[in-house]
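Analysis of the macromolecular model
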Amino acid sequence: MFDLFRSGSGGGVPAHAPTPDTDRQLTLFMYPSCPFCARVLMHIRRLGIEVPTRHIHAEPEAMAELVQRTGRRTVPMLLIDDEPLHESADIMAWLSAYAERGA
């Protein structure tokens, strides 16, 4: 059975994402009842890092920005220095590497 809330992605950092080895400006576009968003938020808490969020249903300007930047309405989407990253497993893998950069 697929475990939607498992902590690992089983994969590495996506090649198309900015490298996680330096400080980055991050924003997570999400909405609370999205199970994939909840998965990413739980992972962020486990990592002990802070990532600002934008609630696409409560903030109309957040939805507009999401569509303008990506052409999509799907979340979660992690904005990394103006570069979008979709897919919860990819986001979690990237955030894990990012959290370990200073270790």
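Refer to the preceding data block for the structure.
Report follows, based on the coordinates. (Residues numbered from 1 in each chain as written. Predicted model: local features only at pLDDT ≥ 70, side-chain atom pairs only at ≥ 80, totals over all residues. Heavy atoms only, no water.)

**Description of the overall build of the chain**
So the rule is basically this: Helix and strand labels come from DSSP, where a helix needs a run of H or I of at least four residues and a strand needs a run of E of at least two; each type is numbered from the N terminus. Whether a residue is buried, partly exposed or exposed follows from its accessible area with a 1.4 Å probe, protein chains only, as a fraction of its type maximum: under 20%, in between, or over 50%, in that order. Contacts were defined at the residue level, with two residues in contact if any of their heavy atoms lie within 4.5 Å. Surface accessibility follows the Shrake-Rupley procedure with a 1.4 Å probe radius. Residue values consider only the protein chains on display as shielding.
A count of helices and strands for the chain gives 3 helices and 4 strands. Evaluated residue by residue, the chain yields a buried proportion of 39% over its 103 residues. Taking as baseline every contact in the chain between residues at least 6 positions apart, the subset at least 24 positions apart corresponds to 66%. Entry remark: accessible area of the chain is about 5800 Å², with carbon and sulfur atoms responsible for 51%.

**Structural notes on the sheet that holds strand S2 (residues 53–55)**
To keep things clear, this is the line we draw: Only when DSSP finds a minimum of two bridges between them are two strands counted as paired. Helix axes use the C-alpha atoms of the stretch in contact, all axes being lines fitted to C-alpha atoms, and the angles between their N-to-C directions lie in the range 0 to 180 degrees.
Taking strand neighbours across the sheet as the criterion, the 4 strands line up as S2-S1-S3-S4 in an open arrangement whose pairing is mixed. The open sheet terminates on both sides in strands that have one partner only, identified here as S2 and strand S4 (83–86). Recorded for the sheet is a direction-independent mean angle of 25 degrees between the axes of neighbouring strands. By the bridge criterion, 4 bridges tie strand S1 (residues 26–30) to strand S3 (residues 77–80) in an arrangement that is antiparallel. In the strand pairing of S3, Leu28 is matched with Leu78. Strands S1, S3 and S4 of the sheet are contacted by helix H3 (residues 88–100), whose axis makes an angle of about 120 degrees with S4.

**A short note on the pattern of salt bridges**
Condition: Salt bridge criterion: a side-chain nitrogen from Lys or Arg within 4 Å of a carboxyl oxygen from Asp or Glu.
Inspection of the entire model under this criterion finds 6 salt bridges. Two residues, Asp23 and Arg101, come together in a salt bridge whose shortest N-O distance is 2.6 Å. Here the residue Asp23 occupies a position in the segment before S1, and Arg101 occupies one in the segment after H3, the gap between them amounting to 78 residues. Taking relative accessible area as the criterion, Asp23 reaches 59% and is therefore assigned exposed. Residue Glu65 pairs with Arg69 through a salt bridge whose shortest N-O separation is 2.8 Å.

**Section: the packing of helix H1 (residues 35–47) against H3**
To keep it simple, the criterion reads: Relative orientations are named as follows: roughly parallel for angles under 35 degrees, roughly antiparallel for angles over 145 degrees, roughly perpendicular for angles from 65 to 115 degrees, and oblique for any other angle. Amino acids outside the nonpolar list (Ala, Val, Leu, Ile, Met, Phe, Trp, Tyr, Cys, Pro) and the charged list (Asp, Glu, Lys, Arg) are all regarded as polar, and Gly is one of them.
Where H1 contacts H3, the two axes come as close as 10 Å, and the packing angle between them is 10 degrees. Between H1 and H3, the angle is such that the two are roughly parallel. Taken together, the residues of H3 that come into contact with H1 (itself represented by Phe36, Arg39, Val40, His43, Ile44 and Leu47) are Ser88, Ala89, Ile91, Met92, Leu95, Ser96 and Ala99. Its residues assigned to classes, the contact of H1 with H3 shows 9 nonpolar, 3 polar and 1 charged.

**Focus on the environment of Val51**
Counting through the fold element by element, Val51 comes out in the loop between H1 and S2. Val51 sits 24 residues away from Thr27 along the chain, and the two C-alpha atoms are 6.0 Å apart. Residues in contact with Val51, not counting those within four places in the same chain, are Leu26, Thr27, Leu28, Ile44, Leu78 and Leu95.

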